[in-house]
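Listed below, chain by chain, are the residues.
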Amino acid sequence: KNQVEQSPQSLIILEGKNCTLQCNYTVSPFSNLRWYKQDTGRGPVSLTIMTFSENTKSNGRYTATLDADTKQSSLHITASQLSDSASYICVVSALSGTYKYIFGTGTRLKVLA
Amino acid sequence: NAGVTQTPKFRVLKTGQSMTLLCAQDMNHEYMYWYRQDPGMGLRLIHYSVGEGTTAKGEVPDGYNVSRLKKQNFLLGLESAAPSQTSVYFCASRTLRGSGYEQYFGPGTRLTVT
């Protein structure tokens, strides 16, 4: 069964600190992995995308890594800001006939001043 | 470009009432999707469309119907609302290929069924 699991469920950090969010998946056949940011009351917005051959991808203070062998990904946030408070969703895509998106349950991050 | 818009933003229904949620996109995307988001669960696919005039069932289609009469619009209908349909509904769209099959999401509709 295709599954995406994220940890932790929630996280509280102080402004300026770094943090790392985890995503483990069992999805086949793997096409790509994307991290989304979802602000409260808004729809998800894409942060990064990685294919099988990519190990790391950065978008400003966000850096995603992918280990296709262990089927794990992480999202590292550097020098957190209050505006980073949001849910972060890991989405793995599979291409088998039709294109499928398997969503994780997300990590809710709160950054405190 | 407005991207993906959803109407209404909020709605409260009584059990048994019906309503239609409207999704519109101005990016000329072929694919459109309806998801629901519930606490502690990932987004779940209700129905999707690969082009004008075509629709298909997703993971949780029961109790919902959809129509895509125009390429830019995707309607989600609830014929007889139930409390279990209380959720936040998101519409998404994407182009046929390219951009890593990125989905673009609307702002969501929060529906409460009492």
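The written sequence of each chain sets the order in which its residues are numbered from 1. Chains and ligands are labelled by the order in which they are written, letters from A for the one and numbers from 1 for the other. pLDDT decides what is reported in this predicted model: residues at 70 or higher carry local features, side-chain atom pairs at 80 or more are listed and counted, and totals for whole chains, interfaces and linings draw on all residues regardless. Excluding hydrogens and water, the side-chain values take into account all heavy atoms of the structure.

(A) Layout of the overall build of chain A. The helix and strand inventory of chain A stands at zero helices and eleven strands. Secondary structure elements are taken from DSSP: a helix is a run of H or I of four residues or more, a strand is a run of E of two residues or more, and numbering for both begins at the N terminus. For chain A, the α and β elements follow one another from N to C terminus as β-β-β-β-β-β-β-β-β-β-β. Atoms counted for the radius of gyration: C-alpha only. Globule rule: 2.2 Å times the number of residues to the power 0.38. The C-alpha radius of gyration of chain A comes to 14 Å, within 12% of the 13 Å expected for a compact globule of 113 residues. In terms of overall dimensions, chain A has C-alpha extents of about 45 × 30 × 20 Å along its principal axes. Across the 113 residues that make up chain A, the buried fraction comes to 44%. Partly exposed residues are those whose accessible area sits between 20% and 50% of the maximum for their type, while under 20% is buried and over 50% is exposed, using a 1.4 Å probe and protein chains only.

(B) Region of the structure containing the interface of chain A and chain B. By definition, residues are in contact when any of their heavy atoms lie within 4.5 Å. Residue-level contacts link 18 residues of chain A with 18 residues of chain B. Throughout, the accessible surface (probe 1.4 Å) given up by two parts as they are put together, summed over both, is called the buried area. Both faces combined, the contact of chain A with chain B buries some 1300 Å², and carbon together with sulfur accounts for 56% of it. The working definition used for a salt bridge is a side-chain nitrogen of Lys or Arg within 4 Å of a carboxyl oxygen of Asp or Glu. Applying the counting criterion to the chain A and chain B interface returns one salt bridge. For B:E102, the salt bridge goes to A:R34, with nearest N and O atoms at 3.7 Å. Pairs of N or O atoms are called polar contacts if they sit within 3.5 Å, as long as, within protein, a hydrogen donor faces a hydrogen acceptor (for residues adjacent in sequence, only side-chain-to-side-chain pairs). Linking chain A with chain B are three residue pairs in polar contact (both at pLDDT 80 or more). If you list the elements that add at least two residues to the side of chain A that touches chain B, you get β4 (30-38), β5 (45-51), β9 (86-96) and β10 (98-103) of chain A. The classification used treats Ala, Val, Leu, Ile, Met, Phe, Trp, Tyr, Cys and Pro as nonpolar, Asp, Glu, Lys and Arg as charged, and all other residues, Gly among them, as polar. Along the lines of polarity and charge, the residues of the side of chain A that touches chain B split into eight nonpolar, eight polar and two charged.

(C) Region of the structure containing the pairing of strand β5 (residues 44-51) of chain B. All names here are of chain B. Within β5, seven of the eight residues are buried, which leaves the element mostly enclosed by the surrounding structure. In this description, strands pair whenever DSSP reports at least two bridges between them. In terms of strand pairing, β5 meets strand β6 (residues 54-57) through three bridges, oriented antiparallel. Each bridged residue has a counterpart across the sheet, and for H47 the counterpart in β6 is K57. In this structure, the hairpin formed by β5 and β6 is closed by a connection of two residues, where G53 is found at a positive phi of approximately 85°.

(D) Structural context of the side chain of B:Q6. Residues and elements named next belong to chain B. Assignment of secondary structure puts Q6 in strand β1 (residues 4-7). In this structure Q6 comes out as buried when scored by relative accessible area, which is 4%. Within the local environment of Q6, its side chain forms a polar contact with the backbone nitrogen of C91, the two atoms lying 3.0 Å apart. Reaching out from Q6, the side chain makes a polar contact with the backbone nitrogen of G108 at a distance of 3.0 Å.

(E) How the structure looks around the sheet that holds strand β3 (residues 19-25) of chain B. Residues and elements named next belong to chain B. Spatial ordering of the open sheet is given by β1-β3-β8-β7, a layout of four strands whose pairing is antiparallel. A strand with exactly one partner marks an edge of an open sheet, and here the two such strands are β1 and β7 (64-67). Pairs of neighbouring strands in the sheet enclose a mean axial angle of 20°, with direction left out of account. In terms of strand pairing, β1 meets β3 through four bridges, oriented antiparallel. Looking at β3, one finds that T7 is bridged to L22. Helix axes use the C-alpha atoms of the stretch in contact, all axes being lines fitted to C-alpha atoms, and the angles between their N-to-C directions lie in the range 0 to 180 degrees.

On their own, these measurements won't tell you what the molecule is for.
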